[in-house]
Amino acid sequence: MYTITSKWFAHKKTLLITIFVLIFALAAYVRLDFLLSVNHKVSHDTLNYDIMVRQLLEKGIYAYKDTQSNAQVTPGYPLFMAAIYKLVDYQHHDPFPYIRYIQVVISLVTLWLIYSVARKLSGRTVSMIVLLISSVYPPFIWSNGAVLTETLACFFLMLYIRLQLEAFERRTRTLALLSGAAMGLLVLTRPEFLILIAPVYGLYWLWKKEFRLTLKLLLFTCIGTGIVLAPWVIRNIVTLHEVVIASTQVNPFAAGTYPDKNYNDGLVDRHGKTQMEVAKERLKIGFTQHTWQFVKWYTVGKLKYIYSNMYFGSGHSPLYRVLPSPLGSLLHVALVWFCPVALVASLRKWKQPLTLMMLIVAVMTVTRLAFVPEFRYNYTAMPLIIMLDAAAGIAILRWAWQKWTRSSNSRKGAVTYAESTGKS
């Protein structure tokens, strides 16, 4: 009996490892095939990054859309680009193809992190489903062709979540410090994620009700974040004579004050005013004189812009269909529309790590409502949405199966009793 059981578990483990390797092989194939089989377009933001990086390497000036030092964008992705530019001798070779191939490697490591987080949260079955979906979800392939922050930011986000979960489980200062360092790298790539630390630890305190432990872990997470951000903050103090923790770019916030992206609505006079002054005036007039329009825009309007379509990267031609049309779009729509069900389901047992995914999605969604809505903003949320959907979907199926089997067994029991007593 022991031998038979051992053989069964050995065969099962071998089968799971085989499936895992095949999924990863599929993921690697579609990513590389995408890079090799299409012409990649270069976005306006990428061109600005290119000018910025060349200026940094050749003149030592760190500035975005300017020739004077500034802090409009955080240095995570520009420094990533600069390292590759130097490595490949950018003056004689186009660095963009090298960046794209390195992003494929980062994408595959991120895929493993997604699987690892899903397995820690919901077990083997859910994690394999999450891995399969993530391996063929079109934006996770298309993003590798874009010389933009998405791929790197998603990697650091998943690394932070993995380390933060480990810190919560083991309760060690070292892991809290490492999770903070990962958060620092994430903020240097996409600064809006800095807001996550407070709600994440607020949720942890609600779980454990251990104030001293929560405070200790929070302190070391903040120290880890501070260590990584310190060089950037010091540079800004020395060079710009002001304290800038993240970035000074106002445009995404200001552009978000234009309902339906109508940038010529004439709501306020913009002459001689800064972007922030215009934005504040627009918000004041908008919410007092055009209340319904602005309330609608800052809720369902922006949500529709952010989540209704997949992130396409910088664009490419011909269109690379990861999945046969229209399965890619249907997959995205299904994931987004099922997410509210998954959120409600996770709230039923909120004292579990899976709720952390729900919190991060909710916090980042609300945060992004303050800025101009873009499809690219749903990109970093999608791994978490896939996890929530898969976990909720499997839980619902298990509940339905258990209910059906109990009902079936009850009917069989009633029939057996009737036969044994001679009743018809």
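Analysis parameters
Residues numbered from 1 in each chain as written. Predicted model: local features only at pLDDT ≥ 70, side-chain atom pairs only at ≥ 80, totals over all residues. Heavy atoms only, no water. Helix = DSSP H or I, 4+ residues; strand = E, 2+ residues; numbered from the N terminus. Buried < 20%, exposed > 50% of the residue type's maximum accessible area, 1.4 Å probe, protein only. Contact = heavy atoms within 4.5 Å. Areas by Shrake-Rupley, 256 points an atom, 1.4 Å probe, with all protein chains shown as cover. Core = buried A, V, L, I, M, F, W, Y, C linked by side-chain atoms within 4.5 Å. UniProt positions renumbered as here; feature names shortened; annotations may be inferred. 1 Å grid on protein atoms, 1.4 Å probe; cavity = no way out; pocket = protein on both sides within 12 Å on 5 of 7 lines; lining within 4 Å. Points joined across faces, edges and corners; volume = space filled by probe spheres on them. Nonpolar A, V, L, I, M, F, W, Y, C, P; charged D, E, K, R; others polar. Salt bridge = Lys/Arg side-chain N within 4 Å of Asp/Glu carboxyl O. Axes fitted to C-alpha atoms, helices over the stretch in contact; angles between N-to-C directions. Parallel < 35°, antiparallel > 145°, perpendicular 65-115°, else oblique. Left-handed = near helix turned anticlockwise from the far one by under 90°. Disulfide = S-S within 2.5 Å. Patch = residues over 30% accessible without salt bridge, like charges linked within 9 Å, V, L, I, M, F, W, Y side chains within 5 Å. Lys, Arg positive; Asp, Glu negative; His and termini not counted. Charge placed at Lys NZ, Arg CZ, Asp CG, Glu CD.

**Some words on the overall build of the protein**
Alright, step 1. Along the protein, the regular secondary structure elements total 16 helices and 2 strands.
Alright, step 2. Dimensions of the protein, computed from the C-alpha atoms along their principal axes, are close to 95 × 55 × 55 Å.
Alright, step 3. Per-residue burial over the protein gives 47% buried out of 424 residues.
Alright, step 4. By sequence separation, contacts in the protein at least 24 residues apart represent 76% of the contacts at least 6 residues apart.
Alright, step 5. With the model as given, the accessible surface of the protein reaches about 21,900 Å², and the carbon-plus-sulfur share is 65%.

**Some words on the nonpolar core**
Alright, step 1. Counting residues in hydrophobic clusters, the biggest one holds 119 residues, and the most contacted among them are I161, M357 and M387.
Alright, step 2. The element best represented in this core is helix α7 (residues 150–170), accounting for 13 residues.
Alright, step 3. Residue contacts for M357: discarding those within four places in its chain leaves V117, L121, I161, L384, M387 and L388.

**Brief notes about the UniProt feature "domain: Glycosyltransferase RgtA/B/C/D-like" (unreviewed entry) in the protein**
Alright, step 1. Following the UniProt record, one finds the feature "domain: Glycosyltransferase RgtA/B/C/D-like" (unreviewed entry) at residues 75–229.
Alright, step 2. The straight-line gap between the two end C-alpha atoms of residues 75–229 is 10 Å; of that span, 82% is helix and 0% is strand.

**Describing the layout of surface pockets**
Alright, step 1. When its volume is computed, the largest pocket comes out at roughly 790 Å³.
Alright, step 2. In terms of lining, the largest pocket is formed by 31 residues, of which the most central are R190, Q249, P252, R376 and Y377.
Alright, step 3. Looking at the lining of the largest pocket, the elements that each hand over two or more residues are α2 (44–59), α3 (76–88) and α11 (251–255).
Alright, step 4. Looking at the lining of the largest pocket element by element, the count peaks at 4 residues for α11.
Alright, step 5. Considered class by class, the residues forming the lining of the largest pocket number 16 nonpolar, 8 polar and 7 charged.
Alright, step 6. Considering only enclosed or pocket space, the second largest pocket measures out at about 580 Å³ in volume.
Alright, step 7. Looking at the lining of the second largest pocket, the elements that each hand over two or more residues are α4 (96–122), α14 (327–348) and α16 (382–420).

**Examining the pattern of salt bridges**
Alright, step 1. By the definition in use, this model includes 14 salt bridges.
Alright, step 2. For R376, the salt bridge identified is with E150, shortest N-O distance 2.9 Å. One end of the pair, R376, is in the loop between α15 (354–368) and α16; the other, E150, is in helix α7, with 226 residues separating them in the sequence. Like R376, the residue E150 is buried in the burial classification.
Alright, step 3. Note that E166 and R162 form a salt bridge whose closest N and O atoms lie 2.6 Å from each other. Here E166 and its partner R162 are both found in helix α7, 4 residues apart, which amounts to about one turn of the helix.

**Brief notes about the packing of helix α8 (residues 173–189) against helix α10 (residues 211–240)**
Alright, step 1. Running from N to C, α8 and α10 cross one another at 40 degrees; their axes reach a closest spacing of 7 Å. In terms of their interaxial angle, α8 and α10 are classed as oblique. The interaxial crossing formed by α8 with α10 has right-handed handedness. On α10, the residues touching R173, A176, L177, S179, G180, A181, M183, G184, L185, V187 and L188 of α8 are K216, L217, F220, T221, I223, G224, T225, V228, L229 and W232.
Alright, step 2. Each residue belonging to the contact of α8 with α10 can be placed in one class, and the counts come to 13 nonpolar, 6 polar and 2 charged.

**Considering empty space enclosed by the protein**
Alright, step 1. The final tally for this structure, using the stated rule, is 2 cavities of 30 Å³ or more.
Alright, step 2. Contributions of two or more residues to the lining of the largest cavity are made by α4 and α7.
Alright, step 3. Among the elements that make up the lining of the largest cavity, the one with the highest residue count is α4 (4 residues).
Alright, step 4. By residue class, the composition of the lining of the largest cavity is 5 nonpolar, 4 polar and 1 charged.
Alright, step 5. Of the voids in this model, the second largest cavity is the one considered here, and its volume is about 40 Å³.

**Quick notes on the state of the cysteines**
Alright, step 1. This structure, assessed with the given rule, holds 0 disulfides.
Alright, step 2. In this structure C154 is a free cysteine whose sulfur lies 15 Å from that of C339, the closest cysteine sulfur available.
Alright, step 3. The class of C154 is buried, set by a relative accessible area of 3%.
Alright, step 4. Relative accessible area serves as the criterion here: at 5%, C339 is assigned to the buried category.

**Comments concerning the UniProt feature "transmembrane region" (unreviewed entry) in the protein**
Alright, step 1. Mapped onto the present numbering, the UniProt feature "transmembrane region" (unreviewed entry) falls at residues 14–32, 98–118, 139–161, 181–206, 213–234, 327–347, 354–371 and 377–401.
Alright, step 2. Taken end to end, residues 139–161 comprises 70% helix and 0% strand; its first and last C-alpha atoms sit 21 Å apart.
Alright, step 3. Secondary structure across residues 377–401 divides into 80% helix and 0% strand, with the first and last C-alpha atoms of the span separated by 37 Å.

**Remarks on a positive patch on the surface**
Alright, step 1. Residues K12, K13, R119 and R124 make up a contiguous surface patch of positive charge.
Alright, step 2. In this fold, K12 is placed in helix α1 (residues 2–37).
Alright, step 3. The exposure class of K12 is partly exposed, given its relative accessible area of 34%.

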